[in-house]
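Chain residues, written in single-letter form:
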Amino acid sequence: MTAKKTHRIAVLPGDGTGPEVMAEGLKVLHAAAESFDLKLDFQKFDLGGERYLRTRETLPDSVLDELRTFDAIYLSAIGHPDVKPGILEREILLRLRFDLDLYINLRPVKLIPGVKTPLADTSQGIDLVVVRENTEGLYAGAGGYLKRGTPDEVATQESINTRKGVERCLRYAFELARSRPRKQLHLVGKTNVLIYASELWARAFEEIGAEYSDVKRAYHHVDACCMFLVQSPSIYDVIVTDNMFGDIITDIGGVIQGGLGIACSGNLRPERDVPSIFEPVGGSAPQFTGQNVINPLACIGAGAMMLRHLGEATPADAIEAAVATVAGELPGLNIGEMGCGTDDVGDRVANLVAQATATAP
C-alpha cells in the first residue's frame, strides 16, 4: 500500500486580525486531517508588520528560499497601522507573487443560499470564477518620476503586457471554462481606449479561442462588466482579465456573494513547481484585533481551495459544504453581523467537517 503524501504547508498568520482567522482555518484543517486521514505538516513564519517594526525586514531572501520548498503557502492578512501603506504589500505580497511567478489569481464568486446580498434579483443564482493575470500589467512596477516635488512633477506608471504572460493566463482560463458545465468564457478589457494592451489581449483571445471550439467566448468592456456584475451576474461563468481590472471586479464579486467575509482566493502557478498561495480577500482590520468579531469563513474557504490544489478533493468538498451551511445560517457575514464569535464560527465548521466524515458511506 502506497504511503500517503505529507503536504508541507507554510503558514503566514500576518497582522491585525489575521492570526485570529488563521487559527480558525487551521482548526478546520486539523479536523479534516483527522477525519480524512490527511497528512498535513504546518510550519509558521513570522512575516508582517510586527517583524518589520522589530527588524526592518520584510521578506529576507533566506526565508523566500525556504518557502520555495513547501507544497503550499497558507496566508492570512498583511497590513499594520504603524507601517507606511505599500511597504508590506509590495515587499511581501507582491514579491511572493512575482518571485514565485504565481501568474494566476483565481477568485471564485458563488452566492450561497440564505446569504444576504445587496443584489435585488438573485433568482438565477451566482456561480462564476474570475481568472486574473497576477504578475504583469500596471502592477509590474514600471514607471517613475520626473522633477518630483516640484510644480512640474510628472509621474508615469506603465502597464506591461507580454505575449507570454497574456497567453498563459488565457490558456488557463480556457481550460477552466472547458472543465465547467457551461463552458463559457468572457474576456474583460478596454479595447476602445487601451489600444495596445487590451488589443493584445483581444487578439490572443481570438487566436487561442480557435483551439477551444467547445468553449463559448465573448468580450465585455470593464465598465460594462462592472454594471453586469451588479445587474445580472448570472450571465458570467468564467471571466479572464488583466491585473488591475481583475483587482477591481473581484471586489465587486466579493460584495455580491455576501461580503469579503466569505471571499477567498488562490495565487497559482499551475505548473506546481513552486508553492501556490491561498488567502482570504479581506484585510487585516487591525482596529478589531482581539475582539472576536471577524468572520473566518474566507480564510477557511481558502484552506479548502488549498486542499483541492493539493489533490485532496474529498476533504475540500467537505469543508466547502460546511462553510456553505454555516454561512447560510448566520444572520450576516460582515463584521458585527454574525451573531457569534470568530471562534464559534470555526467550531461550527470544524464540527460539520467531522460529521460529514462520520456519516459518509
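Residues numbered from 1 in each chain as written. Predicted model: local features only at pLDDT ≥ 70, side-chain atom pairs only at ≥ 80, totals over all residues. Heavy atoms only, no water.

Caption draft 1: Representation of the overall build of the chain within the structure. Tallying secondary structure elements over the chain gives eleven helices and twelve strands in all. Relative to the compact-globule value of 21 Å for 361 residues, the chain shows a C-alpha radius of gyration of 21 Å, a close match. Principal-axis analysis of the C-alpha atoms gives the chain an extent of 60 × 50 × 50 Å. Relative to its 361 residues, the chain shows a buried fraction of 51%. Across the chain, every contact between residues at least 6 apart in sequence was considered, and the portion connecting residues at least 24 apart equals 76%. Summed over its atoms, the accessible surface of the chain is roughly 16100 Å², and 53% of this surface lies on carbon and sulfur atoms. Averaged over its 36 positive side-chain charges, the chain has a centre that lies 3 Å from the centre of its 48 negative ones. (Helix = DSSP H or I, 4+ residues; strand = E, 2+ residues; numbered from the N terminus. Rg over C-alpha atoms; globule rule 2.2 N^0.38 Å. Buried < 20%, exposed > 50% of the residue type's maximum accessible area, 1.4 Å probe, protein only. Contact = heavy atoms within 4.5 Å. Areas by Shrake-Rupley, 256 points an atom, 1.4 Å probe, with all protein chains shown as cover. Lys, Arg positive; Asp, Glu negative; His and termini not counted. Charge placed at Lys NZ, Arg CZ, Asp CG, Glu CD.)

Caption draft 2: Highlighting the side chain of Glu 279. Take Glu 279: it is sitting in strand 12 (residues 276-280). Overall, the relative accessible area of 9% leaves Glu 279 in the buried class. Reaching out from Glu 279, the side chain makes a polar contact with the side chain of Asn 267 at a distance of 2.7 Å. Setting aside residues no more than four positions away along its own chain, Glu 279 makes contact with Leu 75, Ser 76, Arg 97, Cys 264, Ser 265, Asn 267 and Ala 302. (Polar contact = N/O pair within 3.5 Å; in protein donor to acceptor, adjacent residues only side chain to side chain.)

Caption draft 3: Region of the structure containing the nonpolar core. With 85 residues, the main nonpolar core has Val 240, Leu 297 and Ile 319 as its most contacted residues. For this core, the leading source of residues is helix 1 (residues 18-36), giving nine residues. Phe 45, Leu 67, Val 83 and Leu 93 belong to the second-largest nonpolar core, a separate cluster that totals 23 residues. (Core = buried A, V, L, I, M, F, W, Y, C linked by side-chain atoms within 4.5 Å.)

Caption draft 4: Structural view of the pairing of strand 9 (residues 216-221). Two elements, strand 8 (residues 184-189) and strand 9, share six bridges in a ladder whose sense is parallel. Following the sheet pairing, His 186 is matched in strand 9 by Ala 218. (Pairing = 2+ DSSP bridges.)

Caption draft 5: Looking closely at the side chain of Ser 265. Within the secondary structure, Ser 265 sits in strand 11 (residues 264-268). Judged by its relative accessible area of 3%, Ser 265 is buried. Not counting chain neighbours up to four residues away, the residues in contact with Ser 265 comprise Asn 105, Leu 106, Arg 107, Ile 277, Phe 278, Glu 279, Val 281 and Met 305.

Caption draft 6: Looking closely at helix 4 (residues 87-99). The set of residues buried in helix 4 consists of Ile 87, Leu 88, Ile 92, Leu 93, Leu 96 and Arg 97. Phi turns positive, to about 55°, at Asp 101, one or two residues after helix 4.

Caption draft 7: View of the pattern of salt bridges. For the structure on display, the rule yields 27 salt bridges. A salt bridge links Asp 247 to Arg 132; the shortest N-O distance between them is 3.8 Å. Separated by 115 residues along the polypeptide, Asp 247 in helix 8 (residues 243-256) and Arg 132 in strand 5 (residues 127-133) bring together distant segments of the chain. Overall, Asp 247 belongs to the partly exposed group, its relative accessible area being 26%. Note on Arg 132: relative accessible area 4%, which makes it buried. Of the charged contacts, one joins Arg 163 and Glu 167 as a salt bridge, the two residues approaching to 3.1 Å between their closest N and O atoms. Here the residue Arg 163 and the residue Glu 167 both occupy positions in helix 5 (residues 163-179), the gap between them amounting to four residues, near one helical turn. The exposure class assigned to Arg 163 is partly exposed, which follows from its relative accessible area of 31%. (Salt bridge = Lys/Arg side-chain N within 4 Å of Asp/Glu carboxyl O.)

Caption draft 8: Representation of the sheet that holds strand 8. Taking strand neighbours across the sheet as the criterion, the ten strands line up as 2-1-3-12-11-4-5-10-8-9 in an open arrangement whose pairing is mixed. Lying at the two open borders of the sheet, with one neighbouring strand each, are strand 2 (39-44) and strand 9. Each adjacent strand pair in this sheet contributes to an overall mean axis angle of 25°, direction not counted. Where strand 8 and strand 10 (residues 238-241) come together, four bridges link them in parallel fashion. Of the residues in strand 10, the one forming a bridge with Leu 187 is Val 240. (Axes fitted to C-alpha atoms, helices over the stretch in contact; angles between N-to-C directions.)

Caption draft 9: Here's a closer look at the packing of aromatic side chains. Within this structure, the stated rule accounts for three aromatic pairs. Site record: aromatic cluster; members linked through ring pairs are Phe 174, Phe 205 and Tyr 212. Just above the ring of Phe 70 sits the side chain of Arg 8; from NZ or CZ to the centre is 4.1 Å. In this structure, Arg 148 packs its charged tip against the face of Tyr 145, placed 4.3 Å from the ring centre. (Phe/Tyr/Trp six-rings, centres within 6.5 Å; stacked < 30°, edge-to-face > 60°. Lys NZ or Arg CZ within 6 Å of the ring centre and 35° of its normal.)

Caption draft 10: View of the layout of surface pockets. Here the largest pocket is characterised by a volume of approximately 900 Å³. Forming the boundary of the largest pocket are 29 residues, of which Pro 108, Val 129, Met 305, Arg 308 and Glu 320 lie nearest the centre. Within the residue set of the lining of the largest pocket, elements represented by two or more residues are strand 4 (104-110), strand 5, helix 5, strand 11, helix 9 (297-309) and helix 10 (313-329). Counting residues per element, the lining of the largest pocket draws most heavily on helix 9, which supplies five residues. (1 Å grid on protein atoms, 1.4 Å probe; cavity = no way out; pocket = protein on both sides within 12 Å on 5 of 7 lines; lining within 4 Å. Points joined across faces, edges and corners; volume = space filled by probe spheres on them.)

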